[in-house]
Protein chains: 6
Amino acid sequence: MGVRLTPANRQPAHTGGPFTLQATSAETNVASVSSFLGLPVKVLTAFVKGHPFAAFIQSDLRGRGMDVEGPSVPQGGPWGYRHQINIADSGAGLRGPRVWNDRAGEVGRTLKVKDFDLERIFGDEGVEMMHLSGLIAALAPDFCLSLAETAMQYGTRISFDLNYRASFWEGREDELRDTFKAIASLSDILIGNEEDFQLCLGIAGPAAGGKDLAGKTDAFRAMIESIRAQYPQAKVVATTLREVLDAETHLWGAIVSGPDQTVVIPPRVISVLDRIGGGDGFVGGLLYGILKGWDTERCAQFGWASGALAVSLLTDYAYPADEEQIWSIWKGNARVQR
Amino acid sequence: MGVRLTPANRQPAHTGGPFTLQATSAETNVASVSSFLGLPVKVLTAFVKGHPFAAFIQSDLRGRGMDVEGPSVPQGGPWGYRHQINIADSGAGLRGPRVWNDRAGEVGRTLKVKDFDLERIFGDEGVEMMHLSGLIAALAPDFCLSLAETAMQYGTRISFDLNYRASFWEGREDELRDTFKAIASLSDILIGNEEDFQLCLGIAGPAAGGKDLAGKTDAFRAMIESIRAQYPQAKVVATTLREVLDAETHLWGAIVSGPDQTVVIPPRVISVLDRIGGGDGFVGGLLYGILKGWDTERCAQFGWASGALAVSLLTDYAYPADEEQIWSIWKGNARVQR
Amino acid sequence: MGVRLTPANRQPAHTGGPFTLQATSAETNVASVSSFLGLPVKVLTAFVKGHPFAAFIQSDLRGRGMDVEGPSVPQGGPWGYRHQINIADSGAGLRGPRVWNDRAGEVGRTLKVKDFDLERIFGDEGVEMMHLSGLIAALAPDFCLSLAETAMQYGTRISFDLNYRASFWEGREDELRDTFKAIASLSDILIGNEEDFQLCLGIAGPAAGGKDLAGKTDAFRAMIESIRAQYPQAKVVATTLREVLDAETHLWGAIVSGPDQTVVIPPRVISVLDRIGGGDGFVGGLLYGILKGWDTERCAQFGWASGALAVSLLTDYAYPADEEQIWSIWKGNARVQR
Amino acid sequence: MGVRLTPANRQPAHTGGPFTLQATSAETNVASVSSFLGLPVKVLTAFVKGHPFAAFIQSDLRGRGMDVEGPSVPQGGPWGYRHQINIADSGAGLRGPRVWNDRAGEVGRTLKVKDFDLERIFGDEGVEMMHLSGLIAALAPDFCLSLAETAMQYGTRISFDLNYRASFWEGREDELRDTFKAIASLSDILIGNEEDFQLCLGIAGPAAGGKDLAGKTDAFRAMIESIRAQYPQAKVVATTLREVLDAETHLWGAIVSGPDQTVVIPPRVISVLDRIGGGDGFVGGLLYGILKGWDTERCAQFGWASGALAVSLLTDYAYPADEEQIWSIWKGNARVQR
Amino acid sequence: MGVRLTPANRQPAHTGGPFTLQATSAETNVASVSSFLGLPVKVLTAFVKGHPFAAFIQSDLRGRGMDVEGPSVPQGGPWGYRHQINIADSGAGLRGPRVWNDRAGEVGRTLKVKDFDLERIFGDEGVEMMHLSGLIAALAPDFCLSLAETAMQYGTRISFDLNYRASFWEGREDELRDTFKAIASLSDILIGNEEDFQLCLGIAGPAAGGKDLAGKTDAFRAMIESIRAQYPQAKVVATTLREVLDAETHLWGAIVSGPDQTVVIPPRVISVLDRIGGGDGFVGGLLYGILKGWDTERCAQFGWASGALAVSLLTDYAYPADEEQIWSIWKGNARVQR
Amino acid sequence: MGVRLTPANRQPAHTGGPFTLQATSAETNVASVSSFLGLPVKVLTAFVKGHPFAAFIQSDLRGRGMDVEGPSVPQGGPWGYRHQINIADSGAGLRGPRVWNDRAGEVGRTLKVKDFDLERIFGDEGVEMMHLSGLIAALAPDFCLSLAETAMQYGTRISFDLNYRASFWEGREDELRDTFKAIASLSDILIGNEEDFQLCLGIAGPAAGGKDLAGKTDAFRAMIESIRAQYPQAKVVATTLREVLDAETHLWGAIVSGPDQTVVIPPRVISVLDRIGGGDGFVGGLLYGILKGWDTERCAQFGWASGALAVSLLTDYAYPADEEQIWSIWKGNARVQR
């Protein structure tokens with residue numbers, strides 16, 4: 001895990017000024033929807049012993065209602081282990097946000113399953129669902145695959161958001177593709193866009209992807225068949241549809257293919273305060289719905305609205321006051337509530 | 001009167017962070033348009049003796065050009081009287097603002113006419129117009145009715161903005177409806193939407209209200225006839241037309257039925273920084289126009305633009321630099337003025 | 001529990017400006033030392049259902065490493081239950097801080113033992129020590145006494161910080177004194193100053209208290225004998241010695257009479273960023289030491305330094321990075337640590 | 001009148017960063033003590049028509065409880081009239097504050113008595129005391145002298161704080177000395193330090209001024225005799241004793257020679273948040289005491305403490321919550337008040 | 001040169017609050033595009049000796065990669081020379097920004113060519129292009145004309161942005177028009193809108209200007225012919241097309257007539273954080289392209305996008321991270337870049 | 001080079017909140033005194049290509065009046081090169097500041113002399129003095145030694161501040177000691193405390209160092225003899241005397257042994273806003289004096305006062321407005337300057 005430094009007032013990072021700090025990772029962004037709405041959540045990760053941001057992250061996650069578990073690794077001198085820092089502005093108008101990955105010495109790369117008592121966690125405590133992002137899977141592939149295998153053994157459902165990042169994959173394509181395929185083959189829920197499925201799992205999308213919604217939807221429907229053919233254990237396959245009009249205005253939709261039906265939410269215009277975490281918010285809402293046993297339609301709607309909530313906040317995660325707030329967003333009702 | 005706590009940067013209140021404080025009440029929000037533009041304004045209210053927010057409110061109102069008059073009530077211990085606090089964020093995107101009414105021990109409920117020298121105020125000093133909001137009328141109904149009766153005796157025009165709030169009325173419907181009807185029957189200017197007129201005064205709106213402008217306008221025209229039939233002394237009946245696209249974008253219009261004509265301002269899209277006080281801004285501009293003796297068309301336009309000014313500010317009230325600024329908004333001219 | 005609103009930059013509250021919000025209560029201030037340093041802590045309290053500050057407090061306490069348990073009470077309308085607000089500045093120079101207790105409708109007054117499963121908490125989960133402040137004891141005396149009796153039954157040690165507040169006691173002296181005496185008679189650890197012991201428990205201090213340290217120390221030693229005579233079960237009796245030079249500079253000392261010896265820490269000059277919570281920090285450090293089984297001397301020193309840490313922070317509680325930071329303060333070592 | 005721009009966090013102005021704006025002038029700084037504590041205050045000054053800072057100053061002064069009266073002068077183009085800007089930091093440690101006077105085009109220099117209806121103000125409304133600072137006297141000497149003469153005619157007491165500023169006097173020594181002498185000869189209350197009396201009025205101080213308190217006191221006592229000899233109508237002659245240890249720590253004392261006795265307050269160490277306005281605060285407290293009819297001792301003490309309050313605030317003026325707060329400072333009691 | 005004071009959070013200036021300071025002038029806004037992207041830039045201007053804002057401006061310009069050269073003029077007392085201050089808010093919604101020119105005593109009016117060693121600057125160091133704004137040309141016409149003549153002699157290309165400001169020209173129309181015509185007759189690049197060309201140079205625009213794009217474009221094409229007829233040496237004639245929908249939303253286009261072709265960029269909707277400097281950003285991007293030797297189409301596109309970048313920043317100038325960021329804006333790609 | 005993240009309001013880093021960013025390195029902190037006071041300064045360092053903090057650092061250094069030269073190294077993926085981050089709070093009261101060195105992947109470790117055209121820099125441009133800190137010497141020892149050798153060849157004076165950091169030396173003692181000795185043997189100016197000289201250069205300090213000033217001074221005098229014996233080319237040997245009373249109050253003195261005399265500045269109490277950079281400020285002032293050709297006494301005084309200025313600022317470096325400001329600090333004159 002790491003932190004994000006965000007310049008105030010939508011200004012870029014290279015111009016300096018005041019910054020705010022937040023704890024961030026794809027998984028905890030996702031899990032926040034569930035933990036804020038009362039479901040138990042545990043985060044497995046590693047910390048740098050004595051690092052001020054380690055204390056900050058731990059406190060922040062607990063404040064979001066999550067348990068945290070994992071080793072504290074000694075820094076090993078000034079040039080030793082670190083928590084990664086995302087230097088990321090919100091963008092403004094036609095100036096898109098820029099994220100600088102500052103990850104040298106990232107402590108997350110030391111993660112090993114032997115650092116955790118998985119028997120206790122999966123066996124005694126019990127885990128209903130385990131979520132993995134492709135970011136951590138690219139960071140610590142062996143750790144993630146072992147986790148997935150363990151989860152499998154204990155009957156824990158696995159959710160996998162592919163999150164392809166070109167810079168993470170560069171020069172490691174073969175190694176990572178094998179791991180990603182192995183994790184995907186164990187997953188109940190697979191999330192990604194066409195590029196993710198193609199580049200991470202080698203599933204070719206249909207020829208005429210198209211830029212428009214109709215094309216995208218058809219393409220994704222076709223791709224779902226390929227995915228289901230190769231990963232028949234996957235109950236849910238989902239993607240978001242995002243078109244960036246400018247940094248403050250997006251078109252935002254989703255497609256969720258579940259056991260009962262495939263739900264298409266056509267893109268609607270939404271205002272964006274800070275877009276980082278919008279996709280994670282979608283996954284967070286989707287998984288919350290699945291954990292609550294909702295049908296695919298409600299899951300998709302709740303996911304869509306959780307993503308829209310996330311981008312209305314400066315945090316990388318959705319921080320719902322209550323379920324009602326998310327449903328209200330789904331209904332497009334932004335009237336004042338007194 | 002009380003204060004509003006607003007979280008910075010459109011963030012919600014439950015996530016903590018820095019807050020700004022402002023003095024707030026429906027009546028002072030309304031009156032600010034007149035006081036900033038140079039008309040004399042006096043506020044009648046009650047304070048908690050020694051409370052830091054009492055000093056803050058008094059200074060703030062004077063700074064807005066208003067006189068303040070009213071008793072200072074001893075707190076009576078830690079669990080004694082208070083100034084109410086509105087914990088209210090601005091919302092962002094599809095996340096609507098939320099207002100939490102934190103009013104236990106509200107000192108405003110102690111307001112009694114005997115605390116004021118009404119003979120001096122209405123008789124010697126002279127009051128051209130008295131404005132009441134339905135909020136204070138629900139808070140201190142006897143006080144408001146007595147004030148209205150006194151105003152009547154002295155020939156002071158009365159303006160009444162119904163401002164129905166379900167949570168204020170719960171369990172007190174009969175008592176409040178009687179008082180509201182009594183005040184309305186003394187009022188020269190009545191402001192409210194269909195729901196306000198129906199729930200506060202029992203005036204049934206036409207069956208097919210409709211969501212669209214044409215329907216709304218027709219419905220309101222019909223309702224005006226009912227209002228005029230029951231409250232023939234009312235010279236002006238007005239309402240705003242607001243449709244919330246998202247927290248940052250509203251459709252904003254108004255209907256003002258005056259002695260000379262009924263003016264309909266079809267809703268236009270406006271950007272919204274903080275919507276709290278938009279309706280009060282409309283009333284403030286409308287009353288300023290009436291006090292200046294303008295015709296109904298100018299009054300309606302000035303009210304519309306004063307509301308649009310209010311929502312472009314973080315304060316709950318419009319703070320015009322000059323009349324020209326409001327007319328410039330009416331003309332839709334947001335060019336830089338050098 | 002409630003929140004504190006603190007004006008920025010040591011400015012007073014009546015002048016307005018930006019405020020920061022923090023969750024606050026005497027007990028959670030105390031417990032933060034233990035929870036930050038890794039001991040399990042559980043807070044029993046009540047919340048207003050749906051209140052944004054309830055969510056904020058819960059998140060904040062969890063972020064400090066505490067579990068929270070207690071009922072969520074419906075507000076019951078705009079004038080219903082509340083979380084209390086301390087409007088408290090830090091003072092500056094010779095201008096002392098001012099705290100305004102804004103507690104009408106405080107939800108904490110509804111606390112009842114039947115809202116908690118005490119058998120589970122004290123029996124199954126197990127509680128090593130329970131801490132009560134005189135603030136909550138004045139707020140909810142029956143609840144506190146019942147808690148203390150329950151704790152007694154389960155062999156849980158009880159710590160009681162008398163925290164006399166004149167405004168809380170006004171008109172309720174007899175009722176509260178009986179309750180305070182009853183709780184004190186069950187307590188292993190009693191904390192208070194001469195006034196606290198006199199006014200809460202009726203233990204007359206020696207005639208010549210004096211303003212100087214020697215006099216204070218002797219007086220307190222004598223009082224300890226009276227306390228021990230009347231409350232023979234108390235193992236530890238403690239007080240702080242604070243002389244306010246100005247809002248930014250205090251003399252800070254302590255006396256702790258433990259089972260092995262009575263330790264006197266003569267007052268030393270300390271710089272103060274925000275003094276609220278200094279006393280709670282002392283108790284927090286003292287109790288942490290007792291829980292760790294340290295001797296009285298180390299407990300006293302750690303308490304003293306935890307208080308000094310608390311007043312170097314804007315929060316009402318000490319937020320140690322680690323034990324070493326507190327010992328470093330004790331040693332008077334404020335050199336930079338690289 | 002003008003504004004002060006203050007860099008945040010005690011940083012200097014030449015390094016940029018955020019600034020706060022406040023309305024400032026020596027006279028309004030002085031008068032704030034009285035207006036906050038409930039006495040009627042009116043400010044005579046000039047404004048630039050349409051200038052945003054004119055609106056800001058007017059609102060600010062009214063918020064401090066003052067009436068404002070005076071002409072609004074057209075700017076006359078981009079290079080026309082202005083409100084002066086004091087660019088002034090607070091200093092820190094051994095780095096003293098720096099004030100940059102940015103006064104080209106200052107509208108205050110246009111002040112003329114014919115712009116005011118002095119007969120109404122002094123005659124009908126009645127003025128108990130008029131206060132002038134040497135700053136405005138150097139800015140608009142004719143205006144000030146005429147005001148003083150008018151005040152004299154109406155039996156209004158005159159207070160004159162000499163406030164010598166070398167840069168204001170440069171090249172205008174003769175003209176200004178004549179005016180200052182004329183105003184002083186009409187004043188009931190004269191305030192200044194040795195240098196002020198010498199350079200403004202030509203009253204030579206005693207040879208051995210000395211740096212120590214004893215020397216200063218003796219010197220000032222001797223000077224008082226000279227002053228009383230030349231200005232026999234002066235009932236009160238006062239000075240402050242300030243020694244700057246560093247920007248955050250001053251020695252602060254005062255000498256007030258009144259009709260009943262000469263009171264010497266030996267310098268005490270005080271913490272300083274922002275020293276600008278400390279002297280004005282002293283005068284403000286002194287005049288408040290005189291207006292309340294207090295004896296010289298109480299006046300001196302209240303003046304001293306008002307100055308100490310002013311330097312504990314970021315504003316250039318003392319902003320007392322109540323009289324008690326100032327007396328508490330006098331007593332050196334900076335304990336928290338709950 | 002001077003500074004701009006901007007109220008935080010899009011609030012207006014007359015309501016006070018926190019302000020940020022930035023160095024500003026039309027020429028340095030323009031030149032920032034080139035200096036940030038690595039071209040050498042030198043600014044010729046004058047400073048007030050010892051003024052804190054002089055130090056601030058110098059540091060700021062150097063930080064933007066510019067050299068600064070020019071005399072330091074003694075202030076000459078409190079009412080002496082100054083750096084001008086633009087008090088300018090960003091506007092919000094339908095409330096347009098307001099700029100108050102606070103320029104009395106502006107040191108820039110003292111600029112004289114003899115203060116500079118032009119032989120060294122233009123001769124030895126070499127200047128590829130010199131840019132002048134009509135603001136400085138109205139401020140110091142002789143200085144600007146002499147500069148232009150010198151540039152001419154050394155073969156330096158001249159760019160002239162007419163920037164007509166009514167308040168600057170009032171009463172000086174004849175004098176200024178002569179100077180502007182003389183400078184224009186030496187310029188290689190002329191920038192302005194129809195009004196600028198008409199009022200500064202007396203070139204009558206075509207009768208049917210029209211408000212729509214087609215009309216504007218045709219009108220401007222026709223005007224170009226007139227311009228080229230009278231100023232045949234001008235290689236590039238350019239204008240922006242801006243329609244203000246509200247303070248946060250503009251239509252933004254441009255027409256650039258170059259040696260190879262006339263490029264029309266039809267207005268597109270852009271989001272605006274702060275519009276001040278948008279026009280300068282356009283000129284900055286255009287000149288950068290010309291300096292790089294790009295064809296007219298690329299120049300026009302880069303100018304358009306540099307303006308759009310400028311209005312996405314709180315600064316008055318575009319601060320590109322790299323060329324790619326500007327091209328990305330041109331392409332309308334505001335996606336997050338990781 | 002890198003950046004420092006400083007939490008606002010003296011709060012620690014592990015508690016989160018707003019942070020400010022500044023460019024930092026020992027050498028640039030030192031050189032700022034000279035560059036702000038008008039001497040030419042060039043910084044040799046390395047940057048990460050495209051990193052937002054690289055742009056920020058370059059702009060910041062230029063803004064401080066420095067030229068910057070050095071390679072831009074490609075990041076090489078998310079886990080590639082970085083600019084180091086000092087996470088460092090200011091401390092408060094007895095809570096000392098903590099600095100966390102976050103240096104994995106630090107680009108400064110790639111520095112090689114072949115990346116620079118040293119012939120041009122030292123030969124053509126000419127360098128009067130080159131300053132090295134022990135931090136960069138521990139980071140890039142070969143680079144520093146080669147630089148020193150080159151400087152030597154060109155007759156450039158060398159200044160070396162040993163700056164021992166245990167965590168940098170761990171496990172590299174032999175390697176680093178050899179390099180440090182080699183650099184020291186080429187240096188004209190050697191700066192360090194007893195520990196630095198002992199641990200970096202192996203020069204044993206006298207047995208009875210003592211904590212008091214007299215002892216320290218004698219010890220340092222004795223050590224100077226050893227230093228001069230081993231490093232006879234060193235003209236100036238200097239150290240600071242700092243005793244930390246608390247984070248806001250230090251005793252601050254210095255000893256400078258120069259060619260003409262050894263100057264001892266006995267420690268005086270100074271207030272400290274942020275202590276980071278105080279030592280660098282001392283060196284900066286000392287070197288400025290040497291470059292100006294001042295005698296040792298003035299150099300020592302100017303160094304002492306530059307350090308005191310640095311700790312009165314939030315930046316890591318002294319940012320003098322002018323020479324006079326530093327001399328004013330030396331004289332202990334913190335009076336307001338108008």
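You'll find the structure just up there.
Residues numbered from 1 in each chain as written. Chains lettered and ligands numbered in written order. Predicted model: local features only at pLDDT ≥ 70, side-chain atom pairs only at ≥ 80, totals over all residues. Heavy atoms only, no water.

Caption draft 1: Spotlight on the packing of aromatic side chains. Under the counting rule described, the total for this entry stands at 102 aromatic pairs over all chains. Look at Phe302 of chain E and Trp327 of chain E: their rings are 5.1 Å apart centre to centre, the planes differ by 55°, and that puts the pair in the tilted class. With Phe302 of chain E in helix α11 (residues 296-310) and Trp327 of chain E in helix α12 (residues 323-330), the pair connects residues that are 25 residues apart, well separated along the chain. What makes Phe302 of chain E buried here is its relative accessible area of 0%. Under the relative-accessibility criterion, Trp327 of chain E is labelled buried at 12%. Through successive ring pairs, a cluster of aromatic residues spans Phe160, Tyr164, Trp169 and Phe180 of chain A. The ring of Trp294 of chain C has Arg298 of chain C lying over it, and the distance from NZ or CZ to the ring centre is 4.3 Å. (Phe/Tyr/Trp six-rings, centres within 6.5 Å; stacked < 30°, edge-to-face > 60°. Helix = DSSP H or I, 4+ residues; strand = E, 2+ residues; numbered from the N terminus. Buried < 20%, exposed > 50% of the residue type's maximum accessible area, 1.4 Å probe, protein only. Lys NZ or Arg CZ within 6 Å of the ring centre and 35° of its normal.)

Caption draft 2: Region of the structure containing the relation of the copies chain A and chain F. The operation relating chain A to chain F is a screw motion whose rotation component is 180°, with 0.0 Å of axial translation and a residual RMSD of 0.0 Å. The operation mapping one copy onto its partner corresponds to a two-fold rotation axis. The share of interface residues of chain A whose copies in chain F are also at the interface is 100%, consistent with both copies meeting through the same surface. (Least-squares fit on C-alpha atoms with pLDDT ≥ 70 in both. Contact = heavy atoms within 4.5 Å.)

Caption draft 3: Main features of the interface of chain A and chain F. Across the contact, 37 residues belong to chain A and 37 residues belong to chain F. Approximately 3,000 Å² of surface area, both sides summed, lies buried where chain A meets chain F, with 70% of it carried by carbon and sulfur atoms. Considering only the side of chain A, the residues that lose the most area to chain F are Pro78, Trp79 and Trp100 of chain A, jointly responsible for 27% of the buried surface there. Across the contact surface, chain A and chain F share 2 salt bridges. Among the salt bridges present, the one from Arg82 of chain F reaches Asp102 of chain A, with a minimum N-O distance of 3.0 Å. The tally of links between chain A and chain F comes to 11 residue pairs in polar contact (both at pLDDT 80 or more). Of the residues assigned to the side of chain A that touches chain F, the class counts are 18 nonpolar, 12 polar and 7 charged. (Buried area = accessible area lost by both parts, 1.4 Å probe. Salt bridge = Lys/Arg side-chain N within 4 Å of Asp/Glu carboxyl O. Polar contact = N/O pair within 3.5 Å; in protein donor to acceptor, adjacent residues only side chain to side chain. Nonpolar A, V, L, I, M, F, W, Y, C, P; charged D, E, K, R; others polar.)

Caption draft 4: The arrangement of the relation of the copies chain D and chain F in detail. Superposition of chain D onto chain F requires a rotation of 120° combined with a translation of 0.0 Å along the rotation axis, giving an RMSD of 0.0 Å. What the superposition gives is, in effect, a three-fold axis relating one chain to the other. Across chain D, the rotation axis passes nearest the C-alpha of Asn9 of chain D, at a separation of 4.8 Å.

Caption draft 5: Fine view of a negative patch on the surface. All names here are of chain A. Together, Glu170, Glu173, Asp174 and Asp178 make up a negatively charged patch on the protein surface. Within the secondary structure, Asp178 is located in helix α7 (residues 173-184). Given the relative accessible area of 54%, Asp178 is considered exposed. (Patch = residues over 30% accessible without salt bridge, like charges linked within 9 Å, V, L, I, M, F, W, Y side chains within 5 Å. Areas by Shrake-Rupley, 256 points an atom, 1.4 Å probe, with all protein chains shown as cover. Lys, Arg positive; Asp, Glu negative; His and termini not counted. Charge placed at Lys NZ, Arg CZ, Asp CG, Glu CD.)

Caption draft 6: Fine view of the interface of chain D and chain F. On the side of chain F, 24 residues touch chain D, which itself brings 23 residues to the contact. In total, chain D and chain F occlude about 2,100 Å² of area from one another, counting both sides; carbon and sulfur atoms represent 55% of this. Two residues, Asp322 of chain F and Arg98 of chain D, come together in a salt bridge whose shortest N-O distance is 2.8 Å. Summed over the shared surface of chain D and chain F, the result is 8 residue pairs in polar contact (both at pLDDT 80 or more).

Caption draft 7: Spotlight on the environment of Asp161 of chain E. When you line up the elements, Asp161 of chain E lands in strand β10 (residues 157-161). Note: C-alpha distance between Asp161 of chain E and Ala26 of chain E (135 residues apart in sequence) is 9.1 Å.

Caption draft 8: How the structure looks around the side chain of Thr239 of chain D. All names here are of chain D. If you trace the backbone, Thr239 turns up in strand β12 (residues 236-246). Exposure remark for Thr239: the relative accessible area of 4% places this residue in the buried category. If near-sequence neighbours (up to four positions away) are discounted, Thr239 is found in contact with Gly192, Asn193, Phe220, Ala254, Ile255 and Phe282.

Caption draft 9: Spatial organisation of the packing of helix α10 (residues 278-291) of chain B against helix α11 (residues 296-310) of chain B. All names here are of chain B. Between α10 and α11, the least distance of the axes is 7 Å, while the angle of their chain directions is 145°. Both α10 and α11 take part in a crossing whose hand is right-handed. Residues Gly278, Gly281, Phe282, Gly285, Leu286, Tyr288, Gly289 and Ile290 of α10 pack against Cys299, Ala300, Phe302, Gly303, Trp304, Ser306, Gly307 and Ala310 of α11. A per-class count over the contact of α10 with α11 returns 9 nonpolar, 7 polar and no charged. (Axes fitted to C-alpha atoms, helices over the stretch in contact; angles between N-to-C directions. Left-handed = near helix turned anticlockwise from the far one by under 90°.)

Caption draft 10: Representation of the pairing of strand β2 (residues 18-24) of chain B within the structure. Within β2 of chain B, 5 of the 7 residues are buried, which leaves it mostly tucked inside the rest of the structure. By the bridge criterion, 6 bridges tie strand β1 (residues 2-7) of chain B to β2 of chain B in an arrangement that is antiparallel. Looking at the pairing, Leu5 of chain B lines up with Leu21 of chain B of β2 of chain B. Strand direction decides the pairing type here: β2 of chain B and strand β2 (residues 18-24) of chain C, joined by 3 bridges, are antiparallel. When the bridges of β2 of chain C are listed, Thr20 of chain B appears paired with Pro18 of chain C. (Pairing = 2+ DSSP bridges.)

Caption draft 11: Main features of helix α8 (residues 194-201) of chain F. Residues and elements named next belong to chain F. Among the residues of α8, Asp196, Phe197, Cys200 and Leu201 are the ones counted as buried. Down the axis of α8, the buried set is contained in an arc of 95°. They therefore lie on one face. Where α8 ends, the next residue or the one after it, Gly202, has phi of about 75°, a positive value. (Arc of directions from axis to C-beta.)

Caption draft 12: Molecular detail of the environment of Thr110 of chain F. Residues and elements named next belong to chain F. Mapped onto the secondary structure, Thr110 falls in the loop between β8 (99-102) and α3 (118-126). Residue class for Thr110 comes out buried when judged on its relative accessible area of 12%. C-alpha separation for the pair Thr110 and Val244, spaced 134 residues apart in sequence, amounts to 36 Å. Among all residues touching Thr110, those that are not within four sequence positions of it are Ala46, Val73, Tyr81 and Asp115. Only 2.7 Å separates the side chain of Thr110 from the backbone oxygen of Val107, close enough to count as a polar contact.

Caption draft 13: The sheet that holds strand β13 (residues 249-257) of chain A, seen in detail. Residues and elements named next belong to chain A. Overall, mixed pairing links the 6 strands, which are arranged β9-β10-β11-β12-β13-β14 in an open sheet. Two strands close off the open sheet at either side, each with one partner strand: β9 (129-133) and β14 (262-271). When strand polarity is set aside, the average angle formed by the axes of neighbouring strands in this sheet is 15°. Examined bridge by bridge, strand β10 (residues 157-161) and strand β11 (residues 189-191) share 3 bridges and lie parallel to one another. Paired with Asp161 across the two strands is Ile191, which belongs to β11.

Caption draft 14: Focus on unusual backbone geometry. Positive phi values are uncommon outside glycine, yet Asn9 of chain C reaches one of about 55°. In this fold, Asn9 of chain C is placed in the loop between β1 (2-7) and β2.

Caption draft 15: Molecular detail of helix α12 (residues 323-330) of chain B. Residue and element names in this part refer to chain B. The buried fraction of α12 is high, at 6 of 8 residues. Inspection of α12 places Gln325, Ile326, Trp327, Ser328, Ile329 and Trp330 among the buried residues, and these make up the whole buried set. Summarising the contacts, the buried residues of α12 are in contact with β14 (262-271) and α11. Downstream of α12 by one or two residues, Gly332 has phi in the positive range, about 70°.

Caption draft 16: Summary view of the pairing of strand β8 (residues 99-102) of chain D. Residue and element names in this part refer to chain D. Because side chains alternate across β8, one face comprises the buried residues Val99 and Asn101, and the other comprises Trp100 and Asp102, equally buried. The sheet contact formed by strand β7 (residues 84-88) and β8 spans 4 bridges and is antiparallel. Bridge assignment links Ala88 to a residue of β8, and that residue is Val99.

Caption draft 17: Geometry of the pattern of salt bridges. Residue and element names in this part refer to chain A. Within the structure shown, the criterion is met by 108 salt bridges over all chains. For the salt bridge of Arg120 with Asp117, the shortest nitrogen-to-oxygen distance reads 3.6 Å. The partly exposed category is assigned to Asp117, whose relative accessible area is 39%. Taken together, the shared-partner salt bridges in this structure form one network comprising Lys42, Glu69, Asp117, Arg120 and Glu125.

Caption draft 18: Here's a closer look at the side chain of Ser306 of chain C. As for its position among the elements, Ser306 of chain C is in helix α11 (residues 296-310). Those residues in contact with Ser306 of chain C that lie beyond four places of it in its chain are Val33, Gly281, Phe282, Gly285, Ala318 and Ile326 of chain C.

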